[in-house]
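Structure assessment
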Amino acid sequence: MEYRKLGKTDINASVLGFGGSEIGYQQASVGTVKKLLNEALDGGLNVIDTAECYAASEELIGEALGKRRKDLYLFTKCGHESGWSQPDWRSESLLRSIQRSLKRLKTDYVDLVQLHSCSDAELRKGDVIETLKRARERGYTRYVGYSGDSQAALYAVECGVFDTLQTSVNIADQ
């Protein structure tokens, strides 16, 4: 497996990662997720990425990881506490969502929390960025990132606050 330094972090990430959306949306069983994650980790993947709004993805990953938490970098996203179609960028909602993600993932911290498709206008207000900084200060996450596209992604890079940027490029979407 090939590894690269991720953004402005000390994470040496596998070039391939495990995306958790489909296990949630497809209602995979815990047994299936355990098998998938163990085989991925045994194959050298060390990044698991999920989000609060990927149905039961976080719960499934939390159940499946067990003692292997130390073998990987765990990422999640926030901003859709009540589901993908209902973004909520209020500070209290974001912090509540991150805390809930930690419980679901059965961990004290994640390596990366990303704002999930927050608009350019919302980013420029600054409140969402300050909330992620607070989450980092409280030890909920080691790093903060932005997951999205277009002008918002450009602003996320230009503002210099985020440690990572995740865009919607997927080899399966060719």
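Residues numbered from 1 in each chain as written. Predicted model: local features only at pLDDT ≥ 70, side-chain atom pairs only at ≥ 80, totals over all residues. Heavy atoms only, no water.

1. A short note on the environment of D49
Rules: Only DSSP runs of H or I with at least four residues qualify as helices, and only runs of E with at least two residues qualify as strands; both kinds are numbered from the N terminus onward. Any two residues whose heavy atoms approach within 4.5 Å at even a single point are treated as in contact. Counted as a polar contact is a pair of N or O atoms within 3.5 Å, where, for protein atoms, one must be capable of donating a hydrogen and the other of accepting one, and residues adjacent in sequence contribute only when both atoms are in side chains.
Tracing the chain through its elements places D49 in strand β4 (residues 47-49). Measuring from C-alpha to C-alpha, the distance between D49 and G7 comes to 15 Å, with 42 residues separating the pair along the chain. In this structure, D49 is in contact with F18, G19, G20, F75, K77, Q114 and Q166, ignoring residues within four places of it in sequence. Polar contacts involving the side chain of D49 include one to the side chain of Q114, which spans 3.4 Å.

2. Observations regarding the packing of aromatic side chains
Note the threshold: Any pair of Phe, Tyr and Trp rings, taking the six-membered ring for Trp, is counted once the centres come within 6.5 Å. Such a pair is stacked with planes under 30 degrees apart, edge-to-face with planes over 60 apart, and tilted for the rest. Criterion for a charge above a ring: Arg CZ or Lys NZ at most 6 Å from the ring centre, at most 35 degrees from the ring normal.
By the definition in use, this model includes 2 aromatic pairs. The ring of Y109 has R69 lying over it, and the distance from NZ or CZ to the ring centre is 4.6 Å.

3. Points about helix α6 (residues 127-137)
Selection rule: Partly exposed describes any residue whose relative accessible area lies between the buried limit of under 20% and the exposed limit of over 50%, with all areas from a 1.4 Å probe on protein chains only and scaled to the type maximum. It is the directions from the helix axis to the C-beta atoms that the arc portrays.
Along α6, the residues classified as buried are V128, I129, T131, L132 and A135. Within α6, the buried residues cover an arc of 160° as seen down the axis, which keeps them to one side. Exposed side chains of α6 directed beyond 90 degrees from the buried face belong to D127 and E137. Summarising the contacts, the buried residues of α6 are in contact with β5 (73-78), α4 (91-105), β6 (110-116), α5 (120-125), β7 (141-147) and α7 (150-159). Directly after α6, the chain includes G139, whose backbone phi takes a positive value near 85°.

4. Digging into the pairing of β6
Convention followed: Crossovers are marked right-handed if the path from the first strand over the helix to the second runs clockwise, as seen with the strands pointing away from the viewer. Paired strands, in this sense, are two strands between which DSSP finds at least two bridges.
Buried residues dominate β6, accounting for 7 of its 7 residues. Of the crossover connections in this fold, the one passing from β5 over α4 to the parallel β6 is right-handed. Here β6 runs beside β7; their pairing, made up of 6 bridges, is parallel. Bridge pairing links L115 to Y146 in β7.

5. Let's talk about α4
Defined as follows: Helix span, as expected, comes to 1.5 Å for every residue beyond the first.
For α4, with 15 residues, the first-to-last C-alpha span of 21 Å sits near the 21 Å given by 1.5 Å per residue. Taken residue by residue, α4 has S93, L94, L95, S97, I98, S101, L102, R104 and L105 as its buried positions. Looking at the buried positions of α4, the neighbouring elements they touch are α3 (57-65), β5, β6 and α6. Note on α4: the residue one or two positions beyond its end, K106, has a positive phi of about 55°.

6. Here's the deal with the side chain of T164
Among the secondary structure elements, T164 is positioned in strand β8 (residues 164-166). Residues contacting T164, with those up to four places away along its chain left out, are L6, T9, L112, Q114, V144, G145 and Y146.

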